[in-house]
Amino acid sequence: MDRRDLRPADPAALSGVGRRMHATAVRDGQGPFADGIAHLFGHADCPHCACVFDIAEEYTSANRPVMWGCSDGGDGY
């Protein structure tokens, strides 16, 4: 398997929940956890096609629950 390095986000460039999570981890002396948050909100290269993608967005898309009735525009009932 072709592995590529992850590119963590610059902590100073984080915003929203990523910024709050990182700041809280740093404040509480949780350096390794803060580094993990920077990686979660960073980017990676696809080993198959070399396209760059946002790790958090890809994880969210892959783990989004299936919503009933969304495919037909209905309310699921």
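Read on for an overview of the structure.

Cut-offs and rules
- Residues numbered from 1 in each chain as written.
- Predicted model: local features only at pLDDT ≥ 70, side-chain atom pairs only at ≥ 80, totals over all residues.
- Heavy atoms only, no water.
- Helix = DSSP H or I, 4+ residues; strand = E, 2+ residues; numbered from the N terminus.
- Buried < 20%, exposed > 50% of the residue type's maximum accessible area, 1.4 Å probe, protein only.
- Contact = heavy atoms within 4.5 Å.
- Areas by Shrake-Rupley, 256 points an atom, 1.4 Å probe, with all protein chains shown as cover.
- Salt bridge = Lys/Arg side-chain N within 4 Å of Asp/Glu carboxyl O.

## Quick word on the overall build of the protein chain
- Looking only at helices and strands, the protein chain features three helices and two strands.
- The order of α-helices and β-strands along the protein chain, N terminus first, is α-α-β-β-α.
- Looking at the 77 residues of the protein chain, the share that counts as buried comes to 17%.
- In the protein chain, of all internal contacts separated by at least 6 residues, the share reaching a separation of at least 24 is 37%.
- Summing over all exposed atoms, the protein chain offers an accessible surface of approximately 6,100 Å²; the carbon and sulfur share of this is 56%.

## Describing the pattern of salt bridges
- All chains considered together, the criterion is met by two salt bridges.
- Where D45 meets R7, a salt bridge forms, and the shortest distance between an N and an O atom there is 2.6 Å. Residue D45 is located in strand β1 (residues 43-45), and its partner R7 is located in the segment before α1 (16-27); the two are separated by 38 residues in the primary sequence.
- Residue classification places D45 among the partly exposed residues on the basis of a relative accessible area of 22%.
- By relative accessible area, which is 37% here, R7 ends up partly exposed.

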